[in-house]
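Single-letter residue listing:
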Amino acid sequence: MTDQNVVVVMGVAGTGKTTVGRLLAEALEVPYAEADAFHPPANVAKMSAGIPLDDADRAPWLDAIGAWAHRHQRRGGVVSCSALKRAYRDRLRAAAPGVFHLHLTGDRALIARRMAAREDHFMPVALLDSQFATLQPLEPDELGVTVSVAPGPQVVVEHALSALAALRPAAGPVPRP
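Nothing here was measured: the structure is a model prediction, and the numbers come from that model.

Criteria and thresholds
- Residues numbered from 1 in each chain as written.
- Predicted model: local features only at pLDDT ≥ 70, side-chain atom pairs only at ≥ 80, totals over all residues.
- Heavy atoms only, no water.
- Helix = DSSP H or I, 4+ residues; strand = E, 2+ residues; numbered from the N terminus.
- Expected span 1.5 Å × (residues − 1).
- Buried < 20%, exposed > 50% of the residue type's maximum accessible area, 1.4 Å probe, protein only.
- Contact = heavy atoms within 4.5 Å.
- Polar contact = N/O pair within 3.5 Å; in protein donor to acceptor, adjacent residues only side chain to side chain.
- Pairing = 2+ DSSP bridges.
- Axes fitted to C-alpha atoms, helices over the stretch in contact; angles between N-to-C directions.

Engineer: Sorry, what's going on with helix H3 (residues 55-71) here?
Structural biologist: An α-helical segment advances 3.6 residues per turn. Residues three or four places apart therefore align on the same side. Between its first and last C-alpha, H3 extends 24 Å over 17 residues, near the 24 Å set by a 1.5 Å rise per residue. Within H3, the full set of buried residues consists of Asp57, Arg58, Ala59, Trp61, Leu62, Ile65, Gly66, Trp68 and Ala69. Along its buried surface, H3 packs onto strand E1 (6-10), strand E2 (32-34), helix H2 (41-48), strand E3 (77-80) and helix H4 (86-95). Where H3 begins, the capping side chain belongs to Asp54, and its oxygen is found 3.1 Å from the backbone nitrogen of Ala56.

Engineer: I tried to follow the sheet that holds strand E4 (residues 100-105) on my own but got confused; where do I start?
Structural biologist: Backbone hydrogen bonds are what pair the strands of a sheet, in a parallel or an antiparallel way. Strand order in the open sheet made by the 5 strands is E2-E3-E1-E4-E5, with parallel pairing throughout. Each having just a single partner strand, E2 and strand E5 (144-148) make up the two edges of the open sheet. Neighbour-to-neighbour, the strand axes of the sheet open up by a mean angle of 20°, direction not taken into account. Where E2 meets E3, 3 bridges bridge the pair, whose relative direction is parallel.

This is how it looks when you write it as structure tokens:
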């Protein structure tokens, strides 16, 4: 497949970006990248200590994700990235025009339960409030769709595939899971 969008699976920690991202990449038959792998060790140490990242911490991380998205523009790809602020998404779009944002949402209680159940992840539940405080939802002029995570990953992927299919009605169907 060619000329696909790169999908950025975004949202606060604990929304299932990795799970949904992997499933979506598999359905689209494109590469998947985990944004956490792009963090320098200093960022991971800071978050592990319960200290939120600031914009200066995030800049090289976003640039690395943007570079990955740029390299995958023609074939398509899926990358998880919190992309909480409009400025962060603008930075990703500057690197890879046409990037599509899949914003995963859920209420704080649901997300906190999911985070508490995770094992071996550096992001503590204590940072969830800072994530929600930073979050700027997708705006009408941003290419993307907002989907609740409450129904589960497979339903989220189905919604994403439908939204992507609507982008290119003349190009034929998007693969289904």
